[in-house]
Amino acid sequence: MKRILIVFAMLMAARGAADEAGGSQLVVEKGCVACHGENGVAVAPSYPNLAGQWEQYLRLQLIAYRSGKRQNAVMAGFAANLTDEEIRALAAHYGD
Ligand code: HEC
């Protein structure tokens, strides 16, 4: 049983590494999918599409929302508690 668990853990780790350090899980955990969709194609016209955008641009926007340099009531809330590592993974997931 223990051996099976170890193999399972290794498989999950490999999967995470392949997906930009867990970005696809993070967008679900952090709620981004509700507006920006799983792959950055937004669910409604009031939300911007993130797919196809530069990774670097997305990362800088998230940092700006977090610091308050870019102001938006909705995104301020979602960016407020993101770590640098999470921002990197989210931008890598949605960006090109
Ligand atoms: C409730 C809906 C909603 C959720 C949930 C949400 N966003 Fe947003 N997001 C928006 C809206 C609306 C904007 C446009 C805000 C503005 O005008 O600055 C935006 C803008 C952005 C931008 C800037 C896009 C650009 O073109 O400049 C990024 C990057 C982004 N969101 C990432 C995320 C990430 C990552 C998450 C999850 C942590 C998330 N958003 C969660 C609604 C949402």
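Please refer to the structure placed before this passage.
Keep in mind the model is a prediction, meaning the values are calculated, not measured.

Reading the values: the criteria
Residue indices begin from 1 for each chain and proceed along its sequence in written order. The model is predicted, so local features are restricted to residues of pLDDT at least 70 and side-chain atom pairs to those at 80 or more, both for listing and for counting; the totals for chains, interfaces and linings are taken over all residues. Heavy atoms throughout the structure, all of them, feed into the side-chain values; hydrogens and water do not. For Na, K and Ca the donor cut-off is 3.2 Å, and for all other metals it is 2.8 Å, counting N, O and S atoms only; because water is absent from this set, sites may look incomplete. When four donors show all angles between 85 and 135 degrees the site is tetrahedral, when four or six donors have opposite pairs over 155 degrees and all other angles between 65 and 115 it is square planar or octahedral respectively, and in every other case it is irregular. Starting at the N terminus, helices and strands are each numbered in turn, a helix being any DSSP run of H or I of at least four residues and a strand any DSSP run of E of at least two. Relative accessible area decides the class of each residue, using a 1.4 Å probe on protein chains only: under 20% of the type maximum gives buried, over 50% gives exposed, and in between gives partly exposed. We call a residue near a molecule or strand whenever a single non-hydrogen atom of that residue lies within 4 Å of it. Think of a polar contact as two N or O atoms within 3.5 Å of one another; within protein, one of them needs to be a possible hydrogen donor and the other a possible acceptor, and neighboring residues in sequence only count if both atoms come from side chains. Three residue categories are used. Nonpolar comprises Ala, Val, Leu, Ile, Met, Phe, Trp, Tyr, Cys and Pro, charged comprises Asp, Glu, Lys and Arg, and polar comprises the others, including Gly. Remark: nonpolar core denotes a set of buried residues (Ala, Val, Leu, Ile, Met, Phe, Trp, Tyr, Cys) joined through side-chain atoms within 4.5 Å. Any two residues having at least one pair of non-hydrogen atoms within 4.5 Å are treated as being in contact.

Caption draft 1: Spatial organisation of the coordination of the iron atom of the ligand. Of the protein atoms, only His36 (NE2) and Met75 (SD) coordinate the iron atom of the ligand, at distances of 2.0 to 2.2 Å. Between the six donor atoms coordinating the iron atom of the ligand, the angles at the centre fall across 85 to 179 degrees, so the site counts as octahedral. Of this pair, His36 sits in helix 3 (residues 33-36) while Met75 sits in helix 5 (residues 73-79), and the two are 39 residues apart along the sequence. The exposure class of His36 is buried, given its relative accessible area of 11%.

Caption draft 2: Highlighting the site of the ligand. Cys32, Cys35, His36, Tyr57 and Met75 are the nearest of the 20 residues found near the ligand. Tyr65 has a polar side-chain atom sitting 2.7 Å from an oxygen atom of the ligand. When residues of the shell around the ligand are traced back to their parent elements, those giving at least two are helix 3, helix 4 (55-67) and helix 5. Classifying every residue of the shell around the ligand by side-chain character gives 13 nonpolar, five polar and two charged.

Caption draft 3: A look at the nonpolar core. Membership of the largest hydrophobic core comes to 15 residues, with the highest contact counts inside it found for Val27, Cys32, Leu58, Leu62, Leu82, Leu90 and Tyr94. Put simply, the parts of the chain that give this core at least two residues each are helix 2 (23-29), helix 4, helix 5 and helix 6 (84-94). Take this core: its biggest share by element is five residues, from helix 6. Excluding residues that lie within four positions of it along the chain, Leu58 makes contacts with Leu50, Gln53, Ala91, Tyr94 and Gly95.

By themselves, these are just geometric observations and shouldn't be taken as functional.
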